[in-house]
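Residue-level listing of the chains:
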Amino acid sequence: MVKIGILGVGTVGASVANILEQNADIIEARSGKKIVAVHGVVKNLSKDRGVNITLSDNPYDVVDNPEIDIVVELMGGVEEPYELVKRALANGKAVVTANKALLAYHRYELQELAGDLPLMYEASTAGGIPIIGALRNGLTANHIESIQGIMNGTCNYMLTKMIKEGVRYDDVLAEAQELGYAEADPTFDVGGFDAAHKLLILSSIAYGIDAKPEDILIEGIQNITQTDVDFAKEFGYEIKLLGIAKKVGSGVELRVHATMIPSESMIAKVDGVMNAVTVRGDRVGETMYYGPGAGGNATASAVIADIVDIVRGNSNPMLGYKKSLESGLKLLSRDEIRSHYYLRMSVDDKKGVLAEITQLLSRHDISIEAMMQKPDHDKDECVELLFIIHECSEKMIQDAIVALEALDVIHGKIGMIRIEQ
Ligand code: HSE
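Since this is a predicted model, take the numbers as computed values, not measurements.

1. Some remarks on the nonpolar core
Part 1 of the reasoning: Counting residues in hydrophobic clusters, the biggest one holds 83 residues, and the most contacted among them are Ile 147 and Ile 221.
Part 2 of the reasoning: The leading source of residues in this core is helix H10 (residues 193-207), at 9 residues.
Part 3 of the reasoning: Aside from chain neighbours lying at most four places away, what touches Ile 221 is Cys 155, Met 158, Leu 159, Tyr 169, Val 190, Leu 241 and Ala 258.
Part 4 of the reasoning: Grouped together as the second largest cluster of nonpolar side chains are 31 residues, Ala 14, Leu 20, Ile 70 and Val 72 included.

Next up, the structure:
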């Protein structure tokens, strides 16, 4: 019998315990052994968790317990679970974690510490979608050219509602929280950090890049307006929060931001709380993975898949390779990233203004692809100017935005959304 201890018996932890109990026959048939959750750790013992396992509030009851073979870490946070996972590994236990923030900061140290001990984390990225398995196993013959994904269900749910039903940002955020999609602090979702943690995990497997969240471009969906939504519709785009990893020469762009993508692309059709990730390999071409990115049962399904793999002896090294990838790839700086851009600005409705703006863009070597003018319903005697900008570097567009915002004829902040063609 294989005994499991669970750190954090919230929605996902309770689902893990219940699926192990209720689907015990199929899990035993597939793994060849009986797998039983024996102990769970929670912060608040007075709350009913709906599970048939012993509960306590001391994590060392699990990580130091000689009876337990596999520790499942579902606590959230970074430093406390890091200490506990290190301790569990030091005690010779296999570890399964769904904790993307922990991995975003400490995946390389944990790989080093784990050595030959299994340390698995399928549930950390895109919930129930086996994207880590695809990258670690199914696509190992390929150089990965790009990864592009909807990796945060909360943002996708919110954008879908804002675009398809015209629901206001604040109302739809409250709805996503009520439905249990959002993180305890929803800034992690709407600010792009949750998606960035997942992108960093995937890009380590694909490219061997040890970047931290601070090293990459992360923006959220907080500044999207109804004007942007209307413009996107008119020009045949959807707006999605995307995590993007892209090989460009010997560099890799890593970025998370709201993105306009053509409405006919497959990923543009992924709506609601669902996640989807496309991976382009140099040999296989484009592949796409779709499914529920959050929720108790979906995430627990990925946790148990890892447990079964460990029991079968299928756990390869954490990041999928035994030595450094030695690929010579380096992380490109934010300034070096190249994209097409959409710009929105509120300007005085008087002669010469458009000329002043286009001359400034021209002085910054920036070329306009399309332009539109709309009434500004919030400000009298102003109009909104909307531009699509030909591909340029992030440095060029950011410098131009600073210069534009300094003009007297432009009011407030300029809205910017990157466009992937
Ligand atoms: N808050 C996350 C999401 C949950 O909305 O996708 C899974 O990481």
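2. Concerning the packing of helix H13 (residues 353-363) against helix H14 (residues 394-405)
Part 1 of the reasoning: Relative to each other, H13 and H14 sit at 150°, their axes nearing to 10 Å. Between H13 and H14, the angle falls in the class roughly antiparallel. In terms of crossing hand, the pair formed by H13 and H14 is right-handed. Packed against H13, whose contacting residues are Ile 357, Leu 360 and Leu 361, the element H14 presents Ala 400, Ala 403 and Leu 404 at the interface.
Part 2 of the reasoning: Residues belonging to the contact of H13 with H14 are distributed by class as follows: 6 nonpolar, no polar and no charged.

3. Structural notes on the domain arrangement of the chain
Part 1 of the reasoning: Here the chain is described as being made up of domain 1 (2-128), domain 2 (132-291) and domain 3 (338-419).
Part 2 of the reasoning: Using only C-alpha atoms to locate each centre, domain 2 and domain 3 end up separated by 25 Å.
Part 3 of the reasoning: Surface buried jointly by domain 2 and domain 3 totals about 1,400 Å² across both partners, of which 60% is contributed by carbon and sulfur atoms.
Part 4 of the reasoning: For domain 2, the biggest contributors to the area lost against domain 3 are Thr 227, Phe 231 and Met 260; these three give 35% of the whole.
Part 5 of the reasoning: Between Asp 228 and Arg 344 there is a salt bridge, and its shortest N-O distance comes to 2.6 Å.
Part 6 of the reasoning: At the boundary of domain 2 with domain 3, the tally comes to 9 residue pairs in polar contact (both at pLDDT 80 or more).
Part 7 of the reasoning: Of all elements in the fold, only helix H11 (226-234), strand S9 (237-248) and strand S10 (251-262) reach the threshold of two or more residues within the side of domain 2 that touches domain 3.
Part 8 of the reasoning: For the side of domain 2 that touches domain 3, the element with the most residues is S10, which contributes 6 residues.
Part 9 of the reasoning: Among the residues forming the side of domain 2 that touches domain 3, the class breakdown is 8 nonpolar, 5 polar and 5 charged.

4. A word on the pairing of strand S16 (residues 382-393)
Each regular strand displays side chains that alternate between the two surfaces of the sheet.
Part 1 of the reasoning: Taken across its 12 residues, S16 has 10 buried, putting it largely inside the fold.
Part 2 of the reasoning: Summarising the sheet, strand S15 (residues 368-375) and S16 pair through 7 bridges and their orientation is antiparallel. Paired with Met 371 across the strands is Phe 387, a residue of S16.
Part 3 of the reasoning: Hairpin remark: S15 followed by S16, antiparallel, with 6 residues in the connecting loop; positive phi at Glu 381, about 60°.

5. Quick word on the site of the ligand
Part 1 of the reasoning: Near the ligand, the surroundings consist of Lys 100, Asn 152, Gly 153, Thr 154, Tyr 181, Glu 183, Asp 189, Asp 194, Lys 198, Gly 293 and Ala 294.
Part 2 of the reasoning: One nitrogen or oxygen atom from the side chain of Asp 189 is found 2.7 Å from a nitrogen atom belonging to the ligand.
Part 3 of the reasoning: Within the side chain of Lys 198, an N or O atom sits 2.8 Å from an oxygen atom of the ligand.
Part 4 of the reasoning: Look at the ligand: alone it shows 260 Å² of surface, and the protein chains cover 91% of it.
Part 5 of the reasoning: Elements represented by at least two residues in the shell around the ligand include exactly helix H7 (153-165) and H10.
Part 6 of the reasoning: Residue composition of the shell around the ligand, by class: 2 nonpolar, 4 polar and 5 charged.

6. With respect to the pairing of strand S17 (residues 410-419)
Part 1 of the reasoning: For S17, the tally of buried residues reaches 7 of 10 residues, placing the bulk of the element in the interior.
Part 2 of the reasoning: Where strand S14 (residues 338-348) lies against S17, 7 bridges are found, and the strand directions are antiparallel. Each bridged residue has a counterpart across the sheet, and for Tyr 342 the counterpart in S17 is Ile 417.

7. Observations concerning unusual backbone geometry
Part 1 of the reasoning: Phi angles above zero are rare outside glycine, and Ala 126 is one such case at about 60°.
Part 2 of the reasoning: For Ala 126, the location among the structural elements is in the loop between strand S6 (119-120) and helix H6 (131-138).
Part 3 of the reasoning: Using a relative accessible area of 0% as the deciding quantity, one classes Ala 126 as buried.
Part 4 of the reasoning: Positioned with a positive phi, Asp 365 is a non-glycine residue whose angle comes to about 65°.
Part 5 of the reasoning: The topology assignment puts Asp 365 in the loop between H13 and S15.
Part 6 of the reasoning: Relative accessible area serves as the criterion here: at 63%, Asp 365 is assigned to the exposed category.

Criteria and thresholds
- Residues numbered from 1 in each chain as written.
- Predicted model: local features only at pLDDT ≥ 70, side-chain atom pairs only at ≥ 80, totals over all residues.
- Heavy atoms only, no water.
- Core = buried A, V, L, I, M, F, W, Y, C linked by side-chain atoms within 4.5 Å.
- Buried < 20%, exposed > 50% of the residue type's maximum accessible area, 1.4 Å probe, protein only.
- Helix = DSSP H or I, 4+ residues; strand = E, 2+ residues; numbered from the N terminus.
- Contact = heavy atoms within 4.5 Å.
- Axes fitted to C-alpha atoms, helices over the stretch in contact; angles between N-to-C directions.
- Parallel < 35°, antiparallel > 145°, perpendicular 65-115°, else oblique.
- Left-handed = near helix turned anticlockwise from the far one by under 90°.
- Nonpolar A, V, L, I, M, F, W, Y, C, P; charged D, E, K, R; others polar.
- Domains from an automatic or database assignment.
- Buried area = accessible area lost by both parts, 1.4 Å probe.
- Salt bridge = Lys/Arg side-chain N within 4 Å of Asp/Glu carboxyl O.
- Polar contact = N/O pair within 3.5 Å; in protein donor to acceptor, adjacent residues only side chain to side chain.
- Pairing = 2+ DSSP bridges.
- Near = heavy atom within 4 Å.
- Areas by Shrake-Rupley, 256 points an atom, 1.4 Å probe, with all protein chains shown as cover.

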